[in-house]
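One letter stands for each residue in the lines below.
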Amino acid sequence: MSELKALLFDVDGTLSDTERDGHRVAFNMAFREKGLAWDWDVALYGELLAVTGGKERIKFFLDKYLPDFTQPDDLKGFLQDLHQTKTKHYTELLSQGRIGLRPGVARLIAEAREQGLRLAIATTTTPENVTALLASTLGIESIDWFELIAAGDIVPAKKPASDIYDYTLEHMKLAPSECVALEDSYNGIRASLGAKLPTVITTNAYTQNDDFTGAKLVVDQLGEPDSPMKVIAGEVDNGYVTVAMLRKLIA
Ligand code: XBP
Ligand code: MG
């Protein structure tokens, strides 16, 4: 039997519903700022989410949807510059308090801290996006609650590769069986299961039809005492995810 020691959180879609009204909007603002007549609507963005990482997503968009666009000689530099502009707009949106945490996230993090669990972030997004989200939702001090913020380009391959979780486990000297990963998407669970991590999924509008085979629990949100979650797969005896429930799931 394994003892639960740490919670490893994905960010986009898990801590917060950032994609539709955050990242997507920021990409479009960056396109406008750079004089590019591109606009990613909600449906198209859902298709583009197949590829993780902002720079990688723009490249995928060019290859698949704009085959006639003459790609600049310095494509890497072009993507980097455009993506930096997107990050600037995204962090500005966050600082305006436009994006909150999903139900149950603050409660579960508080409970985990009270019970002495270790916390980490494992995400494909850019590090400054993570700190901006934590600061604008839980307060600047919350950045230090996370022993490790593993994010962005620090590993060779982004999710669905397991690299970011392998990196996190190695850095924290933890066995996968001592952790629970919290994810929201197909690419996310491919990464967490690839690292042999017990995984709990909270679905969202973009991911509700994804295949979550192998998850310990699939719910529509972490839930709160006064607004229970909907259980999609798995067996639990409470209307909201607690540390005790996670301990049981991995036992
Ligand atoms: C989600 C992603 C990210 C963001 C964009 O990451 O796929 O690519 O949409 O972030 P996760 P950047 O669910 O692992 O948090 O533009 O900063 O790359
Ligand atoms: Mg995610």
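Preceding block: the structure.
Here is a short report on the structure shown in this document.

Thresholds applied
Residues numbered from 1 in each chain as written. Chains lettered and ligands numbered in written order. Predicted model: local features only at pLDDT ≥ 70, side-chain atom pairs only at ≥ 80, totals over all residues. Heavy atoms only, no water. Helix = DSSP H or I, 4+ residues; strand = E, 2+ residues; numbered from the N terminus. Rg over C-alpha atoms; globule rule 2.2 N^0.38 Å. Buried < 20%, exposed > 50% of the residue type's maximum accessible area, 1.4 Å probe, protein only. Areas by Shrake-Rupley, 256 points an atom, 1.4 Å probe, with all protein chains shown as cover. Lys, Arg positive; Asp, Glu negative; His and termini not counted. Charge placed at Lys NZ, Arg CZ, Asp CG, Glu CD. Polar contact = N/O pair within 3.5 Å; in protein donor to acceptor, adjacent residues only side chain to side chain. Contact = heavy atoms within 4.5 Å. Donors = N, O, S within 2.8 Å, 3.2 Å for Na, K, Ca; no water. Near = heavy atom within 4 Å. Nonpolar A, V, L, I, M, F, W, Y, C, P; charged D, E, K, R; others polar. Domains from an automatic or database assignment. Pairing = 2+ DSSP bridges. Right-handed = clockwise from strand over helix to strand, strands pointing away.

### Some remarks on the overall build of the protein chain
Scanning the protein chain from N- to C-terminus turns up 9 helices and 7 strands. Compactness check: the protein chain gives a C-alpha radius of gyration of 18 Å against a globular reference of 18 Å for 251 residues, within 12% of the reference. On the principal axes, the C-alpha backbone points of the protein chain span a range of 55 × 35 × 35 Å. Here the protein chain holds 251 residues, and the buried ones make up 52% of them. Summed over all atoms, the accessible surface of the protein chain reaches about 11400 Å², with 49% contributed by carbon and sulfur. The average position of the 26 basic charges and that of the 37 acidic charges among the side chains of the protein chain differ by 1 Å.

### Description of the side chain of H23
For H23, the location among the structural elements is in helix α1 (residues 19-33). H23 sits in the buried class, given a relative accessible area of 3%. Side-chain polar atoms of H23 contact the side chain of K86, separated by 2.7 Å. Contact partners of H23, with chain neighbours within four places excluded, come to D12, T18, Y45, K86, Y90, T125 and N129.

### Quick look at the coordination of the magnesium ion (ligand 2)
On the protein side, the magnesium ion (ligand 2) has D10 (OD), D12 (O) and D184 (OD) as donor atoms, found 2.2 Å from it. Counting along the primary sequence, the residues that act as donors to the magnesium ion (ligand 2) give the motif D-x1-D-x171-D. With relative accessibility at 9%, the residue D12 sits in the buried group.

### What to know about the site of ligand 1
Neighbouring ligand 1 are 19 residues, the closest being G54, R57, K86, T123 and T126. In the environment of ligand 1, an oxygen atom lies 2.6 Å from a nitrogen or oxygen atom belonging to the side chain of K86. Here an oxygen atom of ligand 1 sits 2.5 Å away from a polar atom, N or O, in the side chain of T123. Counting residues per element, the shell around ligand 1 draws most heavily on α1, at 3 residues. Looking at the shell around ligand 1 residue by residue, the classes come out as 3 nonpolar, 10 polar and 6 charged. Domain assignment of the residues forming the shell around ligand 1 places at least three in each of domain 1 (6-17 + 100-250) and domain 2 (19-95).

### Quick notes on the pairing of strand β2 (residues 118-123)
Across the 6 residues that make up β2, a large majority, 5, are buried. Here strand β1 (residues 6-9) pairs with β2 via 4 bridges, running parallel. Within β2, the position partnered with L7 by the bridge is L119. Each parallel crossover has a hand, and the one from β2 via helix α6 (residues 127-137) to strand β3 (residues 148-151) is right-handed.

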